[in-house]
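Single-letter residue listing:
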Amino acid sequence: MGMDTAKGFDRRDTSLVLAHILFAFGALLIGGIAGLLQGLVRGGMIKLPYEIGYYQLLTAHGVLMALIFTTYFIIGFMYSGVAKSLGGYLLPISRKLGWLGFGLMSTGTIVATILILLNKATVLYTFYAPLKASPWFYVALVFVVVGSWMSGFGIFINYRYWKKVNQGKTTPIFTFMAVATMMMWIIATLGVAIEVLFQLIPWSFGWVETVNVVLSRTLFWYFGHPLVYFWLLPAYMCWYVIIPKVIGGKMFSDALARLSFIMFLLFSIPVGLHHQLMEPGITNVWKYVQVVLTFMVIIPSLMTAFSLFATFEQHGRSVGAKGLFGWLKKLPWNDVRFFAPFMGMLIFIPAGAGGIVNASHELNAVVHNTLWVTGHFHLTVATSVALTFFGVTYWLIPAMTGRVLTPKMHRLGIIQTLIWVVGMFFMSGSMHTVGLLGSPRRTAFTTYQDHPDAVLWMPYHVAMAIGGMILFIGVILMIVNIVMLLNAPKGYTEYPLAEVSEKAEQTPAIFERWGVWVGIVVVLILVAYAMPVTEMITNPGVGSKGFVT
Ligand code: HAS
Ligand code: CU
């Protein structure tokens, strides 16, 4: 049935995957254009024509890059790996849910993008109240979220079916990780769904006059923090399961990898208040509790770093590496499937350290609402995650289309990666530095009446724009690479899923007792959120009218 042996995949699955991946890169291109322009505006280098606003571009950039590019890529990647690891094809019902999700998300994306371009939704990607968008923008967001749920259900159903036919067997790790990530996603999106349905939609239609701002932001960050792990975990899936195979080695430990995903499921959600440390109206105790939990969620990333070093070293030594760092030489530096994600890992070390700075209450007072934070997330999501997704693309597209990755493509991919890293060094480096000097985020070009502080900031803003220009070249080269991949020579490209090292421990069966984990998540959420949210509802203060920029 439609099984294409040259690819080892069902044609109907590959078209579902490709639709998601190509849509993702379309969003990256449009979001990249917005990013370039806003960088140049902020650097004082251009003025926007046709009454296009800076904040309008900033909204388009954030929504298309951070929300749309990521979500489409992630769903496409997960469906491909679930199909591969569960026997080569998807259940028909899962495939249908995947397409239903794609349709709903695309409808939402198109409507939202049009509204942003019409300047009817200039509310940035966090759509904080009291900034008010057209109600249809929020309705469009509901389509995107509900669409992603459909794809999540598709994965769950396929997984349940596999479990039934393979009783007693341990689920292939790729699918296990996809299930954990989607569970986290669904629990997390409940928060934003409540915010949008019960607060923002009634308020923007004018059915109610005011909105409880603190509550809306808390519901947003209940979702917004796990959102960043929804981006990160698929990158970790590549680091844990794909990269060992690409370098010719094995996974260091199956159990450790699964345990880290369970820890992400447990600790990703009850930590959103670390985005609201500087906000009034939330008792310090609850900020403290959530900062402690934030430090818990750092642990699985440290475990990941450890596993990766172990994988690299174990492989290096198995092929004869000597000395403390000899294994470094054994890594396949001219293989883009390795090189791009590796640069992502490398950059995640300073990126994660920056996150730990943010999470520390006193230091947060220094960096909050400055360009430092913008620098932080351009290293995390826009470099560690994005470069990993690019690295996946180089083999995923050929594997889906029955084509091969040529040496020339490897070279182009490595050049693309280097351009990205250099552009980000300038852009994010300047953002971090000028953020420490106090330059605010979410601000168009201004000289602040030539205040001495602002005079100091200007060179950094120009360096940011130069980095942005380099990055834009990186976006264009990535799109060129994708077009070339789609036209690469025909042939077989393997889907690289690693095996586990013989030295690894057995995987405990408790890891798949989802009921237990979800139960603990619910308890943690109640501990972290029940009291502060109750306070916000019973003592709402004065609600805010909407503001439109
Ligand atoms: Fe963050 C703000 C805290 C991780 C994204 N973050 C943001 C925002 C975004 C974002 C988008 O506590 C802005 C939201 C907005 O618009 O307002 N973040 C953290 C912490 C972590 C963290 C504690 N963030 C991420 C990730 C993101 C992301 C991941 C996207 C993907 N973040 C914050 C806080 C704020 C914040 C506050 C609010 C700031 C404010 O005031 O507004 C941690 O998860 C980080 C843990 C990571 C590590 C690194 C482990 C290293 C690894 C690599 C190993 C490398 C190898 C290769 C093996 C501890 C795994 C090396 C090989 C060699 C040979 C050397
Ligand atoms: Cu966070």
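Parameters at a glance
Residues numbered from 1 in each chain as written. Chains lettered and ligands numbered in written order. Predicted model: local features only at pLDDT ≥ 70, side-chain atom pairs only at ≥ 80, totals over all residues. Heavy atoms only, no water. Helix = DSSP H or I, 4+ residues; strand = E, 2+ residues; numbered from the N terminus. Rg over C-alpha atoms; globule rule 2.2 N^0.38 Å. Buried < 20%, exposed > 50% of the residue type's maximum accessible area, 1.4 Å probe, protein only. Areas by Shrake-Rupley, 256 points an atom, 1.4 Å probe, with all protein chains shown as cover. Lys, Arg positive; Asp, Glu negative; His and termini not counted. Charge placed at Lys NZ, Arg CZ, Asp CG, Glu CD. Donors = N, O, S within 2.8 Å, 3.2 Å for Na, K, Ca; no water. Near = heavy atom within 4 Å. Polar contact = N/O pair within 3.5 Å; in protein donor to acceptor, adjacent residues only side chain to side chain. Patch = residues over 30% accessible without salt bridge, like charges linked within 9 Å, V, L, I, M, F, W, Y side chains within 5 Å. Salt bridge = Lys/Arg side-chain N within 4 Å of Asp/Glu carboxyl O. Contact = heavy atoms within 4.5 Å. Core = buried A, V, L, I, M, F, W, Y, C linked by side-chain atoms within 4.5 Å. pLDDT = per-residue confidence, 0-100. Axes fitted to C-alpha atoms, helices over the stretch in contact; angles between N-to-C directions. Parallel < 35°, antiparallel > 145°, perpendicular 65-115°, else oblique. Left-handed = near helix turned anticlockwise from the far one by under 90°. Nonpolar A, V, L, I, M, F, W, Y, C, P; charged D, E, K, R; others polar. Phe/Tyr/Trp six-rings, centres within 6.5 Å; stacked < 30°, edge-to-face > 60°. Lys NZ or Arg CZ within 6 Å of the ring centre and 35° of its normal.

1. Here we look at the overall build of the protein chain
Step number 1: Of regular secondary structure, the protein chain possesses 14 helices and two strands.
Step number 2: Here the C-alpha radius of gyration of the protein chain, 23 Å, is about what a compact globule of 549 residues would show, namely 24 Å.
Step number 3: Projected onto its principal axes, the C-alpha coordinates of the protein chain cover approximately 60 × 50 × 45 Å.
Step number 4: The burial tally for the protein chain puts 60% of its 549 residues in the buried class.
Step number 5: Looking at the protein chain as shown, the accessible area adds up to about 22,000 Å², and 71% of this sits on carbon and sulfur atoms.
Step number 6: Taking the 33 positively charged and 19 negatively charged side chains of the protein chain as two groups, their mean positions are separated by 8 Å.

2. A look at the coordination of the iron atom of ligand 1
Step number 1: When only protein atoms are considered, the iron atom of ligand 1 has one donor, H376 (NE2), at a distance of 2.2 Å.
Step number 2: Separating the iron atom of ligand 1 from the copper ion (ligand 2) is a distance of 4.6 Å.

3. Focus on the site of ligand 1
Step number 1: Inspection of the region around ligand 1 gives 36 residues, with Y125, Y229, H368, H376 and R441 positioned closest.
Step number 2: Take A359: an N or O atom from its main chain is 3.1 Å from an oxygen atom of ligand 1.
Step number 3: Between N364 and ligand 1, the recorded distance is 2.8 Å, taken from a side-chain N or O atom to an oxygen atom.
Step number 4: Taken together, the elements giving at least two residues each to the shell around ligand 1 come down to α6 (213-246), α8 (284-318), α9 (336-359) and α11 (371-401).

4. Some remarks on a nonpolar patch on the surface
Step number 1: A contiguous nonpolar surface patch, about 300 Å² in accessible area, is contributed by M45, I46, I466 and M469.
Step number 2: The partly exposed category is assigned to M45, whose relative accessible area is 37%.

5. Things to note about the pattern of salt bridges
Step number 1: The full count for this structure, using the stated rule, is eleven salt bridges.
Step number 2: Notably, a salt bridge pairs E512 with R258, separated by 3.9 Å at the nearest N-O pair. Of the two residues, E512 sits in the loop between α13 (452-486) and α14 (514-538) while R258 sits in helix α7 (residues 254-267), which places them 254 residues apart along the sequence.
Step number 3: Of the residues examined, E512 reaches a relative accessible area of 16% and is grouped as buried.
Step number 4: Taking the relative accessible area as the measure of exposure, R258 reaches 3% and is therefore buried.
Step number 5: Taking the shortest distance from any N to any O, the salt bridge between E313 and R317 comes out at 2.8 Å. Of the two residues, E313 and R317 both sit in helix α8, four residues apart, roughly one turn of that helix.
Step number 6: Since its relative accessible area comes to 37%, R317 is described here as partly exposed.

6. Let's talk about the coordination of the copper ion (ligand 2)
Step number 1: H225 (ND1), H274 (NE2) and H275 (NE2) make up the full set of protein donors to the copper ion (ligand 2), lying at 1.8 to 2.0 Å.
Step number 2: Donor residues for the copper ion (ligand 2), ordered by position in the chain, follow H-x48-H-H.
Step number 3: Take H275: its relative accessible area is 23%, and that puts it in the partly exposed class.

7. Considering the side chain of S204
Step number 1: Inspection of the secondary structure assignment puts S204 in helix α5 (residues 173-204).
Step number 2: Sequence-distant contacts of S204, defined by excluding residues within four places in its chain, comprise K132, A133, P135 and Y138.

8. Focus: the nonpolar core
Step number 1: Counting residues in each nonpolar core, the largest one holds 177 residues, and the members touching the most others are F77, F127, F137, Y138, F312 and F390.
Step number 2: Examining the composition of this core, we find that 22 residues originate from one element, α6, more than from any other.
Step number 3: V41, Y54, L124 and A444 belong to the second-largest nonpolar core, a separate cluster that totals five residues.

9. A word on the environment of I93
Step number 1: Turning to its location among the elements, I93 is positioned in helix α3 (residues 92-117).
Step number 2: Spatially, the C-alpha atom of I93 lies 45 Å from that of R441, the residues being 348 residues apart in sequence.

10. Some thoughts on the confidence of the model for the protein chain
Step number 1: With 99% of its residues at a pLDDT of at least 70, the protein chain reaches an overall mean of 93.
Step number 2: Per the prediction output, this complex has pTM 0.96; the corresponding ipTM is 0.97.

11. As for the packing of helix α1 (residues 11-42) against α3
Step number 1: It is at 10 Å that the axes of α1 and α3 come closest, and there the two elements cross at 20°. What the angle tells us is that α1 and α3 run roughly parallel. When the axes of α1 and α3 are compared, the crossing they make is left-handed. On α3, the residues that touch R12, D13, S15, L16, A19, H20 and F23 of α1 are R95, G98, W99, F102, M105, S106 and T109.
Step number 2: Of the residues in the contact of α1 with α3, the class split is six nonpolar, five polar and three charged.

12. Brief notes about the packing of aromatic side chains
Step number 1: Per the stated rule, a full pass over the model turns up 49 aromatic pairs.
Step number 2: Considering the side-chain rings of F220 and W221, the 4.9 Å spacing of their centres and the 90° angle between planes classify their relative orientation as edge-to-face.
Step number 3: Between the aromatic rings of Y236 and F264, the centroid separation amounts to 5.7 Å while the plane-to-plane angle is 65°, which identifies the pairing as edge-to-face. With a gap of 28 residues between them, Y236 in helix α6 and F264 in helix α7 connect regions that are remote in the sequence. Each member of the pair, Y236 together with F264, is buried.
Step number 4: An aromatic cluster of at least three residues, connected via ring pairs, comprises F9, F25, F69, F73, F77, F174, F389, F390, W395, W420 and Y495.
Step number 5: Over the face of the ring belonging to W203 we find K132, whose NZ or CZ atom lies 5.2 Å from the ring centre.
Step number 6: One cation-aromatic arrangement involves R217 over Y128; the distance from NZ or CZ to the ring centre is 4.0 Å.

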